[in-house]
Amino acid sequence: MELSRREDVNRRMLRARDEMDRRYAEPLDIPTLAAIAHLSASQFGRVFKQVYGETPHRYLQRRRIERAMTLLRQTDRPITDIAWDTGFASLGTFSSTFSRIVGHSPTEFRARHAPVAVPSCFIATWTRPRDPA
Amino acid sequence: MTNNHITSLHIRAVPVLDQDEALDFYTTHLGFEVRDDIDLGFMRWLTVGVPGQDTSILLELVGGPQHDEATAAQVRELVTKGALGGVFLLSDDVHATYAALTAAGVEVTQEPVEQPYGTDFGIRDPFGNHVRISQPNAASPAEVKDAYENA
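Residues numbered from 1 in each chain as written. Chains lettered and ligands numbered in written order. Predicted model: local features only at pLDDT ≥ 70, side-chain atom pairs only at ≥ 80, totals over all residues.

Trainee: Quick one: what's the story with the nonpolar core, residue by residue and with numbers?
Mentor: Judged by nonpolar contacts, the single largest core of 15 residues is most densely connected at V16, L17, A22, Y26, V48, I57 and L59 of chain B. Counting residues per element, the ones that place at least two in this core are β1 (11-16), α1 (19-29), β3 (44-49) and β4 (56-61) of chain B. Top contributing element to this core by residue count: α1 of chain B, with three residues. Apart from the residues within four sequence positions on either side, L59 of chain B is in contact with V14, V16, Q19, A22, L23, Y26, L46 and V48 of chain B. Core analysis: the next-biggest nonpolar cluster, separate from the first, contains 14 residues, A16, L39, F48 and V51 of chain A among them. (Core = buried A, V, L, I, M, F, W, Y, C linked by C-beta atoms within 7 Å. Buried ≥ 20, exposed ≤ 12 C-beta atoms within 10 Å, placed from the backbone. Helix = DSSP H or I, 4+ residues; strand = E, 2+ residues; numbered from the N terminus. Contact = placed C-beta atoms within 7 Å.)

Trainee: Lay out the sheet that holds strand β6 (residues 108-115) of chain B in plain terms, naming residues and giving numbers.
Mentor: Residue and element names in this part refer to chain B. Taken in spatial order, the four strands make up an open sheet running β5-β8-β7-β6, and their pairing is mixed. If you trace the sheet from one side to the other, it starts and ends with β5 (87-90) and β6, each paired once. Here the average twist between neighbouring strands, direction ignored, is 15°. Pairing analysis gives four bridges linking β5 to strand β8 (residues 130-136), with the strands arranged parallel. What sits directly across from F88, in β8, is R132. (Pairing = 2+ DSSP bridges. Axes fitted to C-alpha atoms, helices over the stretch in contact; angles between N-to-C directions.)

Trainee: Tell me about the confidence of the model for chain B, residues and numbers included.
Mentor: On average, residues of chain B carry a pLDDT of 91, and 95% of them reach 70 or more. We note a pTM of 0.82 for the whole complex and an ipTM of 0.76 for its interfaces. (pLDDT = per-residue confidence, 0-100.)

Trainee: I'd like to hear about the packing of helix α1 (residues 5-22) of chain A against helix α4 (residues 56-74) of chain A, residue by residue, with values.
Mentor: The axes of two packed helices give the description: the angle between them and the distance between them. All names here are of chain A. Following both chains from N to C, one finds α1 and α4 inclined at 40°, their axes separated by 10 Å at the closest point. The angle between α1 and α4 falls in the class oblique. The crossing of α1 and α4 is right-handed. Here α1 contributes R17, M20 and D21 to the contact with α4, which in turn contributes P56, Y59, L60 and R63. (Parallel < 35°, antiparallel > 145°, perpendicular 65-115°, else oblique. Left-handed = near helix turned anticlockwise from the far one by under 90°.)

Trainee: Would you mind going over the sheet that holds β3 of chain B in detail, with residue names and values included?
Mentor: Strand pairs in the sheet, formed through backbone hydrogen bonds, run parallel or antiparallel to each other. Residue and element names in this part refer to chain B. Taken in spatial order, the four strands line up as β1-β4-β3-β2 in an open sheet, and their pairing is mixed. The open sheet terminates on both sides in strands that have one partner only, identified here as β1 and β2 (33-39). If you compare each strand with its neighbour and ignore which way they point, the axes differ by 25° on average. As defined by bridge partners, β1 adjoins β4 across six bridges and the pair is classed as parallel. Bridged to P15 within β4 is E60. With respect to the sheet, α1 is in contact with β1, β2, β3 and β4, its orientation differing from that of β4 by roughly 155°.

Trainee: Quick one: what's the story with the interface of chain A and chain B, residue by residue and with numbers?
Mentor: Listed per partner, the contact involves 20 residues of chain A and 22 residues of chain B. Those elements that place two or more of their residues in the side of chain A that touches chain B are α1 and α8 (120-127) of chain A. In terms of residue count, the dominant contributor to the side of chain A that touches chain B is α1 of chain A (nine residues).

In structure tokens form, the structure reads like this:
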């Protein structure tokens, strides 16, 4: 398959983004992601933003918050557990990040949203919040 | 509703960047059969499908004359960014399918996950298109809805 340089970069960055999606609860590991994308660690963040319009950190935050939204909507698990399970080190960081991105606190969000019965990958992609920042 | 006489979903196009590579992926790894592989001169009409099922996928090369060069480049960009639509497949043994695909080195976007409706996982084709493979459980739609609401 003949890819232009730009397409080849896109494809490698997609592999790295897929890895972030799989390991969303783990700390952001730029050296590993950069290796997947065949870039240096110093290049990775800049190229990721060129391709996807946001930094890896911002993308991972939205991915984590999207997952937290699903767990809040679909389960009655304690919010502290959801914060830890989605990679946040503290309830305070989780709550402030969630409120900034979603516009409601986790508790308010849970009260406002009922479970939905469609394939999980569509829930994930269509409920991933845009970052207002 | 007006009876418009539509009887089935027949062919769905998937944008690909190399038809030989697409053919290898969808037949060798996903077990599709070739329905048509016809050189029309102006295009290669290449369709594949799951054996025993009528719906086909057209493995459509991006870059035909319906797009100018700039538009074709945009579509190729979107495919390689993973931004275009995907294909949803069913398996009667999703864990065996997952094992076979991972052993073959196929890119996995998500490992098998238990859902109220069954078990599913995600992969990408060689170009970036998302393929989701699911094994439904015996739950009825109402039971799935109840499972979500009572989770």
